[in-house]
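Residues per chain, in single letters:
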Amino acid sequence: MKTTPLYETHKINGAKFTNFNGWDMPLWFSSLENEHLHVRKDSGIFDVSHMGEIEIEGKDSLAFLEKTFTNKVSGLKNGYAKYGFFCNNDGYVIDDVIVYNLDGYRFFLCVNAGNIDSVEKWLLHNTNDFDVKVKNLSNFYGQVAIQGPNSIKYLSTLYPNSNLNDMPKYTIKILEDLDNTLTANLKSPCPNGNNFLIARTGYTGEDGFELFVPNEILSTVYEHILTNCANIIPCGLGSRDTLRIEMGFPLHGNELIEGTTPSDYNLDRFIDIDREEFIGKDAIINKIEKNEFSFIGFKMIDNSIARSGYEIYQDEKLIGNVTSGTFSPLLKKGIGMALVDSNFSSNKNLQIKIRKNFKDAKMVNYPFI
Amino acid sequence: MSEIKKDLKYTEEHEWVLKDGETMLIGITDHAQDSLGEIVYLELPTVGSSLEKSSTFGAVESTKSVSDLFTPLDCEVIEVNSEAENAPELINQSPYGDGWLIKVKASDEADFNNLLSPEDYESLINE
C-alpha cells in the first residue's frame, strides 16, 4: 500500500489506519466523533496527500478548460477557484475537481486519489487541438487541510507574511512564509517553481485552508503546525467523511457514479449549460430532460444507520439506493443521501432495508446541520 | 494492545464466550470494539430465540462501520443486555464486563470446548 510522508508521524500520534484507494491512511486518531466535533467548533488538520494535483499550462489552457470542464472558467479572476466536473461524452463524471486559476495561463487542479490516472489520461487524450501541457504533480505535492472556524486565527498567526485574513474564500495563493524558510533545503524543487500553495477551500463545510506542500518538507510543515497551534488536532478520513456527509457534499464513487450525470445530484449550478460546447453537454441536457432521478437527503426515524448501497422503498416498491450514509456526530442520528426515482413522494416516509429489517426514514433538506 | 482474558473462549469473528455453570455469556472482544470505534447502535435478538452456530444474531454499528454478530454455538437466548442496547458505549468501555451482549443456554455444552483458546485468538489477531 502507498503511504504519505506523514505515515510515521501518524503512527506516533496513535492513528488507526485504513486502506483508502490503495493508500494506508489514518481513519481516526483518538476518536472519530471527537475529531468531527472539534472541527465543527475549533479546528483540525487532515493529511490528504493521497489527493492528486495536476497542472494545465500553456497558451490555450483557458480554451482547453472551456472544452473539458463543466463549469465556467472564463472570467475567473487570477487566484480564484471553481468547483465542477470533467465528464465523458455520456455525461458520466470522470472526476469532480476544483480548478484554481493561478495566473490565467496556469490552472491547478485538485483531483480525487482514485482518479488521478484516469483524469490525466483523459485530459491528455483531449489536448489534440490545444497548445497546453498537462503536468501530473501528484508525486511532488503532499496536501494537508486545516479545517474549522478557528483555522484562520491559528494560521494567520503562524504565517504572518501571507495576509491570510485578506484572503477570500475559494482563492489560492503562494504561501510566502514557507517559501522563505524552506526553499533552500529542497533537494528536488517543484517542476513549476518553488511555490507552496495555500487555498481557502475544503471539504468539511467549515472555513479552512488546504496547503499544497512539496512531499519532501511535508512532515516539517505538518509538525510545525501541530507544535505551534495546540488546538489544531490531527484528524482522520473517518471524520472527513462524516463532515462532508453532514454538508451533503458528493463523493465521487458514492455519488456521481456511472449511468448518472452531475445534474442527477442537484449540481446544476456547477454546469455552465449556456456555453456553446463542452464534452458531455448533450448527454447532460438529455439527462435533465429525462428527469429520471431525484437526489434527496434523509434522516432516520428509527435508531439505525443506513449506509451506501442500501435499498430504499416506498409503498413497498423499490425506489432507489442510499449513496452515502452515516451516524451524524452532531445530530446523534442516522443521516444520508439517496438517489431515488423522481416519481417518489416527498411527503411520505421512506423505508430503508437495513440487513433483514425495514427502518423508517424521512426526507429532509441538506446540509443536515 | 487489546486485552484478551484468560478465562474466556473466542471465535474467529471476535466474540468471546464465558461459561458460567449451565449458561454462557457472549460479547465482542476488546480488539473488536477498538477496531469499530465508538459504537452507537446495537441490535440484539429477542429472548427465547434459537440461534444456529455461525448465523448472525445481531449487529453493532459504529459511526464508520457495521459489524454482524455471529453465533458461536447452537443455543437459545435466555437474556439480552438491554442496558447495552440503551447505552452501546458500554461495549467500548467494558467489552468483557457491562458491555456483554447475550446470555444463552447451549444446545450441547461440548461445543464450548471447540471454541478458540485465548492463545489461539491472540495469534489470530496478531496475524
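Residues numbered from 1 in each chain as written. Chains lettered and ligands numbered in written order. Predicted model: local features only at pLDDT ≥ 70, side-chain atom pairs only at ≥ 80, totals over all residues. Heavy atoms only, no water.

**Q** When you look at helix α8 (residues 237-247) of chain A in this model, what are you seeing that I'm missing?
**A** Since there are 3.6 residues in each turn of an α-helix, residues three or four apart along the chain are aligned in direction. Residues and elements named next belong to chain A. Judged by how many residues are buried, α8 sits mostly within the fold: 11 of 11 residues are covered. Of the residues making up α8, those classed as buried are L237, G238, S239, R240, D241, T242, L243, R244, I245, E246 and M247. Directly beyond the C-terminal end of α8, a positive phi value near 75 degrees is found at G248. (Buried < 20%, exposed > 50% of the residue type's maximum accessible area, 1.4 Å probe, protein only. Helix = DSSP H or I, 4+ residues; strand = E, 2+ residues; numbered from the N terminus.)

**Q** Quick question: what am I supposed to make of the nonpolar core here?
**A** Across soluble globular proteins, nonpolar side chains show a tendency to be buried alongside one another. All names here are of chain A. Judged by nonpolar contacts, the single largest core of 39 residues is most densely connected at F85, Y100, F108, Y141, I172 and F212. With four residues, the single largest contributor to this core is strand β5 (residues 81-87). Not counting residues within four places of it along the chain, the set of residues in contact with F85 comprises T68, F69, T70, V93, D95, D96, L256, P262, L267 and F270. Of all hydrophobic cores here, the second largest spans 30 residues; its members include Y159, F196, L211 and L218. (Core = buried A, V, L, I, M, F, W, Y, C linked by side-chain atoms within 4.5 Å. Contact = heavy atoms within 4.5 Å.)

**Q** Help me understand the environment of E120 of chain A, please; the structure alone is not making it clear to me.
**A** All names here are of chain A. Within the fold, E120 resides in helix α4 (residues 116-125). Note: C-alpha distance between E120 and V134 (14 residues apart in sequence) is 7.4 Å. If sequence neighbours within four positions are ignored, E120 has contacts with I54, V134 and N136.

**Q** What is the right way to look at the interface of chain A and chain B in this model?
**A** When the parts of a complex come together, some accessible area is lost, and that lost area is often taken as the interface size. Listed per partner, the contact involves 24 residues of chain A and 17 residues of chain B. Summing the contributions of chain A and of chain B, the shared interface buries around 1500 Å²; its carbon and sulfur component is 46%. Here chain A is connected to chain B by five salt bridges. Across the salt bridge formed by R355 of chain A and E61 of chain B, the nearest N and O atoms sit 3.0 Å from each other. Inspection of the chain A/chain B interface yields 13 residue pairs in polar contact (both at pLDDT 80 or more). For the side of chain A that touches chain B, the element with the most residues is α8 of chain A, which contributes three residues. A class-by-class count of the residues in the side of chain A that touches chain B yields seven nonpolar, eight polar and nine charged. (Buried area = accessible area lost by both parts, 1.4 Å probe. Salt bridge = Lys/Arg side-chain N within 4 Å of Asp/Glu carboxyl O. Polar contact = N/O pair within 3.5 Å; in protein donor to acceptor, adjacent residues only side chain to side chain. Nonpolar A, V, L, I, M, F, W, Y, C, P; charged D, E, K, R; others polar.)

**Q** Please clarify how the domain arrangement of chain A should be interpreted in this entry.
**A** Residues and elements named next belong to chain A. If you check the domain split of chain A, you get domain 1 (7-51 + 139-245), domain 2 (53-136) and domain 3 (292-369). Domain 1 and domain 3 are separated by 33 Å when their C-alpha centres are compared. On the side of domain 3, 11 residues touch domain 1, which itself brings seven residues to the contact. Connecting domain 1 to domain 3 are zero salt bridges. Viewed at the interface, domain 3 and domain 1 are joined by one residue pair in polar contact (both at pLDDT 80 or more). Among the elements of the structure, α2 (32-41) and α8 are those that each provide at least two residues to the side of domain 1 that touches domain 3. In terms of residue count, the dominant contributor to the side of domain 1 that touches domain 3 is α2 (four residues). By residue class, the composition of the side of domain 1 that touches domain 3 is two nonpolar, two polar and three charged. (Domains from an automatic or database assignment.)

**Q** How should the pairing of strand β6 (residues 93-101) of chain A be read in this particular structure?
**A** The side chains of a regular strand alternate between both faces of the sheet. Residues and elements named next belong to chain A. With nine of nine residues buried, β6 is to be regarded as a mostly interior element. With seven bridges joining them, β5 and β6 adopt antiparallel strand pairing. By the bridge assignment for β6, A81 is matched with Y100. Here β5 folds back onto β6 in antiparallel fashion, the turn holding five residues, of which G91 has a positive phi close to 80 degrees. Taken together, the four bridges between β6 and strand β7 (residues 106-111) define a ladder with antiparallel strand orientation. Each residue of the ladder has a partner; that of N101, found in β7, is F107. Here β6 folds back onto β7 in antiparallel fashion, the turn holding four residues, of which G104 has a positive phi close to 85 degrees. (Pairing = 2+ DSSP bridges.)

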